[in-house]
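Residue strings, one per chain:
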Amino acid sequence: MSEATGGIHMEEGGGGKIKKFLYLNRKAPYGTIYALESLEVVLIAAAFDQDVSLAFIDDGVYQIVKGQHTKGIDVKNFSPTFRALEGYDIEKLYVEKESMEARSLKETDFLVPVKVVNAAEMADIMQSQDVVLSF
Amino acid sequence: MSEATGGIHMEEGGGGKIKKFLYLNRKAPYGTIYALESLEVVLIAAAFDQDVSLAFIDDGVYQIVKGQHTKGIDVKNFSPTFRALEGYDIEKLYVEKESMEARSLKETDFLVPVKVVNAAEMADIMQSQDVVLSF
Amino acid sequence: MMKFGILINEGPYTHQASDTAYLFAKAAIEKGHKVNRVFFYHDGVYNSSRLTEPPQDDRHIVNRWQKLAKEHHIDLVVCVAAALRRGIKDENLQEGFRISGLGQLIEAGIQSDRLVTFGD
Amino acid sequence: MMKFGILINEGPYTHQASDTAYLFAKAAIEKGHKVNRVFFYHDGVYNSSRLTEPPQDDRHIVNRWQKLAKEHHIDLVVCVAAALRRGIKDENLQEGFRISGLGQLIEAGIQSDRLVTFGD
Amino acid sequence: MLHTVNKSPTERNTLESCLKHVNKGSVVLLIEDGVYGALKGTTSTKMVEQALKNFPIYALYPDIEARGMQDRVIDGIKLVDYSGFVELAAEHSSVQSWL
Amino acid sequence: MLHTVNKSPTERNTLESCLKHVNKGSVVLLIEDGVYGALKGTTSTKMVEQALKNFPIYALYPDIEARGMQDRVIDGIKLVDYSGFVELAAEHSSVQSWL
């Protein structure tokens, strides 16, 4: 989970303009690597002075559920990394209410503090972004 | 679409016992390569003296629809190859009625003669196989 | 004139993602736009293998990106972390591609007018 | 004692298929069964790249297959047609794997008591 | 914004999820296997026709033709080529791919 | 025969399609993301509980635990480890993977 930013100059990369980046997570963890590699992007993104949000909808909400124990499948448990996001000043985590309800998930089931929004609010959040990255 | 059988001795490979092989197709063509590479397996399978059936259910039924023109996406149109199967003595092509109906497809929409069966009959076909290969 | 950045998340041939991205990039260039960077992530890193050898009657996805990039000065960047766990290294990297960090993806998001993702 | 053949349709790390197949094979062997062949098709061919270098704290999917195969005489076969279009050749093939034709898959279906497929 | 969907609605929930998140001024483009969502007479047709009342839906014609679906497109869905895809991406302030 | 399903029922139609094709004497095993189909209180729970009346459904416990779902499994679904997966494959005359 650590990697150089690719040797670019931050000042040059930022160029003064702050953009709104949304990382959209719709896939469950472990069956595929998208959730893990998405998180790797988010951690790198933290080094750039941009406005970062994460959205969890559909099966993406399963990514941040507590109690993941991956020893039995011999795959790395990356879920604790979500707890590290706060230290990178990434605090805007939006979870969709309808997606939670379809899976009987409550806010207390999550590893990290999140903001629960409904589908209409999620649509507004998506609409207000400059860049949406989906994995 | 041509490839050696891998240099094995047919007699040895066959070993005298005839097995029932089902090739199960559930995926649409072109969005992914599974349909094309599945067909490559079927063509090789023809060289072995086994009892071969093909099943098309769910989006797999889209694989054998007439009128595919792939020039615009610059991908090879492999659908004519289904017409070649007869020449390889592969004639058991089963298509599920419910999957056709959910997509408004009729038997006349298909490139090749097929046997239309309902879900219960398809379940029986699956159940009677020795080997099921799904892609 | 717009600057487009492109993100490709899937490997060649298996998913249509790289094909669609290529035809999108070509169309953008034909319309007078600029494609400044294509970033290859997840299985997308496989698009850069110089060992790729499709059947003769099929498109050559790797070389087609190489050619388009050379003619139109597109920066083809392969994510180092994704590449290492998938066996893509300088040793089998096609000329015209370069391996670098994820920062290059964020940078493409910042510097392009639009970032368009193609995947599964 | 049963003879199991295994078909793997997806590459390492991206999909769980190769992980599940490995743990299945290991459990089968521990129970006294035989795994006679693992056939790698579609993106499954990427499981054989000797250039694969996962993070140090992660499992090494390629080498793990290699080791299991060596210890228990499993034939690891990579489909030549699928491999060529995805850039897997003798040049980057890990020791212990061999590249061959699709006939080896059919043969595995004939000669095994069960053929189990892992994919996406 | 421009939403793109590349999955078949009879295989995955992607199109359904997308259609619930399209705001005024946004449009949807169906590409790759997503073009199966543009068809008449399927189990997802009604959902798509309902959505068409609220916002425009486009489909990538080369993908429709590749799949032999050229005579089955729902009235009201607009067909574009790759050049049209680029125009849609340029016209809208951002692009969201529903993967 | 043994049917395996490795996809989440809230993402794809795989489980639904599988359950329509299970004959007497056959069983279903949920693995990988397929284990989300073994959970209580989801939109697919009713379909799975109905199916349980007709044939046994198993779920691979290591996959359930990996996803933190150990307290949410539907009563009546049998949990197995990889060794149990091998046993199921050996007991039934063939294995069909719903990919």
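This structure is a prediction, so every number in the text was calculated from the model and none was measured.

Calculation rules
- Residues numbered from 1 in each chain as written.
- Chains lettered and ligands numbered in written order.
- Predicted model: local features only at pLDDT ≥ 70, side-chain atom pairs only at ≥ 80, totals over all residues.
- Heavy atoms only, no water.
- Contact = heavy atoms within 4.5 Å.
- Buried area = accessible area lost by both parts, 1.4 Å probe.
- Salt bridge = Lys/Arg side-chain N within 4 Å of Asp/Glu carboxyl O.
- pLDDT = per-residue confidence, 0-100.
- Axes fitted to C-alpha atoms, helices over the stretch in contact; angles between N-to-C directions.
- Helix = DSSP H or I, 4+ residues; strand = E, 2+ residues; numbered from the N terminus.
- Parallel < 35°, antiparallel > 145°, perpendicular 65-115°, else oblique.
- Left-handed = near helix turned anticlockwise from the far one by under 90°.
- Nonpolar A, V, L, I, M, F, W, Y, C, P; charged D, E, K, R; others polar.
- Phe/Tyr/Trp six-rings, centres within 6.5 Å; stacked < 30°, edge-to-face > 60°.
- Buried < 20%, exposed > 50% of the residue type's maximum accessible area, 1.4 Å probe, protein only.
- Lys NZ or Arg CZ within 6 Å of the ring centre and 35° of its normal.
- Polar contact = N/O pair within 3.5 Å; in protein donor to acceptor, adjacent residues only side chain to side chain.

1. Some words on the interface of chain A and chain D
For step 1, the next point in the chain: Listed by partner, the interface residues are ten residues for chain A and nine residues for chain D.
For step 2, the next point in the chain: Carbon and sulfur atoms supply 52% of the area that chain A and chain D bury against each other, a total of about 850 Å² over both sides.
For step 3, the next point in the chain: Of all residues in chain A, A:Ile33, A:Asp74 and A:Lys76 give up the largest surface area on contact with chain D, accounting jointly for 47% of the area buried on that side.
For step 4, the next point in the chain: We note a salt bridge from A:Lys76 to D:Asp57, for which the minimum N-O separation is 3.1 Å.

2. Observations regarding the confidence of the model for chain C
Caution applies to low-pLDDT regions: their predicted coordinates should not be interpreted in detail.
For step 1, the next point in the chain: Per-residue confidence for chain C gives a mean pLDDT of 98; residues scoring 70 or more make up 100%.
For step 2, the next point in the chain: For this predicted complex, the interface confidence score (ipTM) comes to 0.95, while the overall pTM stands at 0.95.

3. Quick look at the packing of helix H2 (residues 34–45) of chain A against helix H4 (residues 103–111) of chain C
For step 1, the next point in the chain: Interhelical geometry of H2(A) versus H4(C) gives an angle of 70° and a closest axis separation of 9 Å. Our classification of the angle between H2(A) and H4(C) gives roughly perpendicular. Between H2(A) and H4(C) the crossing geometry is right-handed. Across the interface between the two elements, A:Val41, A:Ile44 and A:Ala45 of H2(A) pack against C:Gly103, C:Leu105 and C:Ile106 of H4(C).
For step 2, the next point in the chain: Of the residues assigned to the contact of H2(A) with H4(C), the class counts are five nonpolar, one polar and no charged.

4. Points about the packing of aromatic side chains
For step 1, the next point in the chain: Applying the stated criterion to the full structure yields 29 aromatic pairs over all chains.
For step 2, the next point in the chain: Ring centres 5.4 Å apart and planes at 90° place the aromatic pair C:Phe4 and C:Phe24 in the edge-to-face group. Taken together, the positions of C:Phe4 in strand S1 (residues 3–8) and C:Phe24 in helix H1 (residues 17–30) put the pair 20 residues apart, joining distant regions of the chain.
For step 3, the next point in the chain: Here C:Phe24 falls in the buried class, since its relative accessible area comes to 0%.
For step 4, the next point in the chain: Centroid distance D:Phe40 to D:Trp65: 6.1 Å. Interplanar angle 85°. Geometry classified as edge-to-face. A residue pair is termed long-range when its members are at least 10 positions apart, and D:Phe40 in strand S2 (residues 34–40) and D:Trp65 in helix H2 (residues 61–72) qualify at 25 residues. Considered together, D:Phe40 and D:Trp65 belong to a single accessibility category, that of buried residues.
For step 5, the next point in the chain: Members of the aromatic cluster, connected to one another through ring pairs, are A:Tyr30, A:Phe56, A:Phe78 and A:Phe82.
For step 6, the next point in the chain: Over the face of the ring belonging to D:Tyr22 we find D:Arg64, whose NZ or CZ atom lies 4.2 Å from the ring centre.

5. Digging into the confidence of the model for chain A
For step 1, the next point in the chain: Taken residue by residue, chain A gives an average pLDDT of 90. The fraction at 70 or more is 88%.
For step 2, the next point in the chain: Ignoring residues within four places in sequence, the model shows residues 1–14 of chain A, a span with pLDDT below 50, making 34 contacts including any to other chains.

6. Some points on unusual backbone geometry
Trans peptide bonds make up most of the peptide bonds, and negative phi angles are found at most residues other than glycine.
For step 1, the next point in the chain: Although it is not a glycine, C:His42 sits at a positive phi angle of roughly 45°.
For step 2, the next point in the chain: Examined against the element boundaries, C:His42 turns out to sit in the loop between strand S2 (34–40) and helix H2 (61–72).
For step 3, the next point in the chain: The class of C:His42 is buried, set by a relative accessible area of 0%.
For step 4, the next point in the chain: Backbone geometry at D:Tyr13 places phi at a positive 70°, although glycine is not the residue there.
For step 5, the next point in the chain: Mapping D:Tyr13 onto the fold places it in the loop between strand S1 (3–8) and helix H1 (17–30).

7. Focus on the interface of chain D and chain B
For step 1, the next point in the chain: On the chain B side, the residues contacting the 26 residues of chain D number 29 residues.
For step 2, the next point in the chain: Summing the contributions of chain D and of chain B, the shared interface buries around 2100 Å²; its carbon and sulfur component is 55%.
For step 3, the next point in the chain: Considering only the surface of chain D that becomes buried against chain B, D:His42, D:Ile106 and D:Ile110 emerge as the three largest contributors, covering 29% of it.
For step 4, the next point in the chain: Counting across the interface, chain D meets chain B through eleven residue pairs in polar contact (both at pLDDT 80 or more).
For step 5, the next point in the chain: Mapped by element, the contributors of at least two residues to the side of chain D that touches chain B are helix H3 (80–84), helix H4 (103–111) and strand S5 (114–118) of chain D.
For step 6, the next point in the chain: Among the elements that make up the side of chain D that touches chain B, the one with the highest residue count is H4(D) (eight residues).
For step 7, the next point in the chain: For the side of chain D that touches chain B, the residue count by class is eleven nonpolar, ten polar and five charged.

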